[in-house]
Amino acid sequence: MWRFWKRIKFLLNIRKSLPFLKDFFISPEVSIVKKLLSIGVIAGYFLLPLDFIPDFFTFIGVLDDLTVFTFMLQLIVKMAPETLKIKHRLK
C-alpha cells in the first residue's frame, strides 16, 4: 500500500515524471512493444478524449482528466524495467 501512495505522489509531481518518461522511451531495456503500447494509450486519449465527467464542470472535469493521466502514467511505471524504477526511486 505504501508503494502505491509513493507512486501516486511521484506521478503527481510532473517535474519528476518527465525525466522518468524520457528514460523510459530511450531505454534499450524497454521493448519496442511496450513503448508503442504506451504511445498508443497516450495518443488514443488525446485523439479520443472521452470524459466520464464533462470539462464544463470546471474542477471536477479537470480532476477526471488528471485521474486518467495518472492511470496512464501508472501503467507505464508498471511496464518499466526494475533498473528505471530504482533509478527514479519508484521501488
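Anything mentioned here points back to the structure above.
Conventions adopted
Residues numbered from 1 in each chain as written. Predicted model: local features only at pLDDT ≥ 70, side-chain atom pairs only at ≥ 80, totals over all residues. Heavy atoms only, no water. Helix = DSSP H or I, 4+ residues; strand = E, 2+ residues; numbered from the N terminus. Buried < 20%, exposed > 50% of the residue type's maximum accessible area, 1.4 Å probe, protein only. Contact = heavy atoms within 4.5 Å. Areas by Shrake-Rupley, 256 points an atom, 1.4 Å probe, with all protein chains shown as cover. Core = buried A, V, L, I, M, F, W, Y, C linked by side-chain atoms within 4.5 Å. Patch = residues over 30% accessible without salt bridge, like charges linked within 9 Å, V, L, I, M, F, W, Y side chains within 5 Å. Salt bridge = Lys/Arg side-chain N within 4 Å of Asp/Glu carboxyl O. Lys, Arg positive; Asp, Glu negative; His and termini not counted. Charge placed at Lys NZ, Arg CZ, Asp CG, Glu CD. Phe/Tyr/Trp six-rings, centres within 6.5 Å; stacked < 30°, edge-to-face > 60°.

It is worth spelling out the overall build of the protein chain at this point. Each helix and strand in the protein chain was counted, giving 5 helices and 0 strands. Along the chain direction, N to C, the helices and strands of the protein chain fall in the order α-α-α-α-α. For the protein chain, the proportion of its 91 residues judged to be buried stands at 33%. Considering only intrachain contacts with a sequence separation of at least 6, the fraction spanning at least 24 residues in the protein chain is 62%. Only carbon and sulfur atoms are counted for the fraction: they give 75% of the accessible area of the protein chain, which is about 6,600 Å².

This paragraph deals with the nonpolar core. Among the nonpolar cores identified, the biggest contains 11 residues, and these are Phe 20, Leu 21, Phe 24, Val 30, Leu 73, Ile 76, Val 77, Met 79, Ala 80, Leu 84 and Leu 90. Counting residues per element, the ones that place at least two in this core are α2 (14-26) and α4 (58-79). Broken down by element, this core gets its largest block of residues, 4 residues, from α4. Excluding its chain neighbours within four sequence positions, the residues that come into contact with Leu 21 are Leu 73 and Ile 76.

A separate point is a nonpolar patch on the surface. Taken together, the side chains of Ile 32, Val 33, Leu 36 and Ile 39 define a hydrophobic patch exposed on the protein surface, amounting to about 420 Å² of accessible area. By relative accessible area, which is 61% here, Val 33 ends up exposed.

Another aspect to go through is a positive patch on the surface. Where like charges cluster on the molecular surface, the positive patch consists of Lys 9, Arg 15, Lys 16 and Arg 89. Among the secondary structure elements, Arg 15 is positioned in helix α2.

Before going further, it helps to spend a moment on the packing of aromatic side chains. Applying the stated rule across the entire model yields 2 aromatic pairs. Judged by centre distance (6.3 Å) and plane angle (35 degrees), the rings of Phe 20 and Phe 24 are tilted. Of this pair, Phe 20 and Phe 24 both sit in helix α2, 4 residues apart, roughly one helical turn. Joined through ring pairs, the aromatic side chains of Phe 20, Phe 24 and Phe 25 make up one cluster.

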